[in-house]
Each structure stands twice: as C-alpha cells, then as structure tokens.
Amino acid sequence: MKKDSPMIRIAVASTFCALACLSALASGAQWDIDGAHSTVRFKVRHMMVSNVEGTFADIKGTFNVDDKDITKTTSEATIAVSSINTNQEKRDAHLKSPDFFDVTKYPTITFKSTKVVKKGKKFDLVGNLSLHGVTKEVTLKVDELTAPAKDMQGSMRRGFSATGEINRKDFGLTWNKALEAGGVAVSEKVDLTLNFELGEAKKEEAKPKG
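Because the structure is predicted, anything quoted here is derived from the model rather than measured.

K.L.:
Could you give me a rundown of the pairing of strand S11 (residues 156-167), with the residues and numbers involved?
P.N.:
Pairing of strand S9 (residues 134-145) with S11 involves four bridges; the strand directions are antiparallel. The residue bridging Lys141 from the neighbouring strand is Thr163, located in S11. Bridge count between strand S10 (residues 149-150) and S11: two bridges; the pairing is antiparallel. Looking across to S11, one finds that Ala149 is bridged to Arg157. Counting the residues between successive antiparallel strands, the hairpin from S10 to S11 contains five residues, one of them, Gly154, with a positive phi of roughly 90°. Relative to strand S12 (residues 186-200), S11 runs antiparallel, the two being bridged by eleven bridges. In the strand pairing of S12, Phe160 is matched with Phe196.

K.L.:
Break down the nonpolar core for me, with residues and values.
P.N.:
In this structure, Phe56, Phe63, Phe101, Ile109, Phe160, Ile166 and Phe196 are the most contacted members of the largest nonpolar core, which totals 39 residues. At six residues, S12 tops the list of elements feeding residues into this core. The contacts of Phe101, once residues within four sequence positions are left out, are Phe56, Val81, Ile84, Leu95, Lys96, Tyr106, Ile109, Leu131, His132 and Leu173.

K.L.:
Run through the side chain of Ser113, naming residues and quoting values.
P.N.:
By the element assignment, Ser113 lies in strand S7 (residues 108-119). Leave out the neighbours within four places in its chain, and Ser113 touches Thr74, Ser75, Leu125, Val126 and Gly127.

K.L.:
Talk me through the environment of Lys189; I want residue IDs and the actual numbers.
P.N.:
Mapped onto the elements of the fold, Lys189 is located in strand S12. What makes Lys189 partly exposed here is its relative accessible area of 40%. For Lys189 and Ile166, which are 23 residues apart along the polypeptide, the C-alpha to C-alpha distance reads 5.9 Å. Filtering out sequence-adjacent residues up to four positions away, Lys189 remains in contact with Lys43, Val44, Glu165 and Ile166.

K.L.:
Give me the pattern of salt bridges: which residues, what numbers.
P.N.:
Scanning the model with the defined rule gives eleven salt bridges in all. When the shortest N-O distance is used, the salt bridge between Glu53 and Arg41 registers 3.6 Å. In this pair, Glu53 is assigned in strand S3 (residues 50-56) and Arg41 in strand S2 (residues 39-46), connecting sequence segments twelve residues apart. Note on Glu53: relative accessible area 41%, which makes it partly exposed. Accessibility expressed as a relative area gives 37% for Arg41, which makes it partly exposed. Between Glu188 and Lys169 there is a salt bridge, with the nearest N and O atoms lying 3.6 Å from each other. Taken as a pair, Glu188 in strand S12 and Lys169 in the loop between S11 and S12 lie far apart in primary sequence, 19 residues in all.

K.L.:
Give a description of the side chain of Arg158 that names residues and reports values.
P.N.:
Note that Arg158 resides in strand S11. The exposure class assigned to Arg158 is buried, which follows from its relative accessible area of 5%. Among the polar contacts made by the side chain of Arg158, one reaches the side chain of Asp67 at a distance of 3.0 Å. Contacts of Arg158, omitting those with residues within four sequence positions, involve Trp31, Val65, Asp67, Leu145, Thr146, Ala147, Pro148, Phe196, Glu197 and Leu198.

Rules behind the numbers
- Residues numbered from 1 in each chain as written.
- Predicted model: local features only at pLDDT ≥ 70, side-chain atom pairs only at ≥ 80, totals over all residues.
- Heavy atoms only, no water.
- Pairing = 2+ DSSP bridges.
- Helix = DSSP H or I, 4+ residues; strand = E, 2+ residues; numbered from the N terminus.
- Core = buried A, V, L, I, M, F, W, Y, C linked by side-chain atoms within 4.5 Å.
- Buried < 20%, exposed > 50% of the residue type's maximum accessible area, 1.4 Å probe, protein only.
- Contact = heavy atoms within 4.5 Å.
- Salt bridge = Lys/Arg side-chain N within 4 Å of Asp/Glu carboxyl O.
- Polar contact = N/O pair within 3.5 Å; in protein donor to acceptor, adjacent residues only side chain to side chain.

Printed below as a string of structure tokens:
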C-alpha cells in the first residue's frame, strides 16, 4: 500500500478527529448541585424600614464547567417553590398563594444559562429565569467557583457562589399595600444570593447487551 493511499489518509484523519473529541471531553466536566448543601437566599425590604430574608432549599441542577475556557461553561437549575422558608408559617403560606408565587399553578422556578461574560478574574453568568409563568434574562455576578477538592468519601466537590437582583413586578408578582406614611409594604427589588455545593456527576455504567 502506498504511503499516500486514500486508506492511510482516512485512517490519519479519523485518528486526529478522535483525539480532538477526547480533548474536548477532557476540558469540561459535569457537576450536579448537591441539594443538601445548597441554598438560594432572597432579601426584600419590608415596610420601608427592615429586610425580610428567606431561602429556597429544594434545588436541583447541573453545571458543565470548562476550566480551560470558562466562557464555555453552562448551567441550569430548578427550584421547588414549595421549599420557600422565611421562618414564619403564615407568611410562607401567603407567599405560596395566588397573591405571590401561586405554587399550585407555578410549582417551579428555573434558570438556564445562555452565556458567560468574563470580568477580570471573575465572571457573570447570564441566563433565562422562568418564574411565575414569565421568562426574563437575568445576570448573576459570580463571586467564586472553587477548584475541585476531594471530600471525606473520596468524591470530588467544588463550590459556587453568586449574587443578583430582580424586580418581582417583571415576573407578575405585583401584590402590595400602600402605607399611610407613604411607600409600600413590600419592595419591588429582590436581592438574591446563591450558594451551591457541586458534586462531580457520576458516569452512567454501560448496560449489558441482550
């Protein structure tokens, strides 16, 4: 067989293609949000004088992190609205009602990233937030995405933290009451803080044939 025969050229091309694919896979890794060690915290001004804080605890999602090129990183998350907790049972019930989240009709909040924008050593995670039947683009300012580290069981872990803000009226959460002294009972601006612990996704085992 000649050195420059078509068969050799096809074999060489296939080898380069395989190596390129392996390189692409090696540069990224999938991480799952560990719901037991993750929270989404929110803060809202109340009665124009104080802040009310609460959390969502039921969070699921994945991050596909490319440490070689962070702008190729993607993420998505789903929050169960019923997991809201402000440490006041009556207030939580009101927040779940049609006045606010209407949890029966809209049981989840979802976020899906669309791009990553580098800001020096940090970066912004931009994506679509779907809440109360409305989808809007939001920007999360990422404070930290830690390097992977082994936990006590030998599994790989890393941390993610970010902040952002939304206007609840943009998502149809318009309930409010005017105050006699001026102003309203609940601010439109909502501050968000995300703290996630990520665990390296387990690879699916190949199923036996037959």
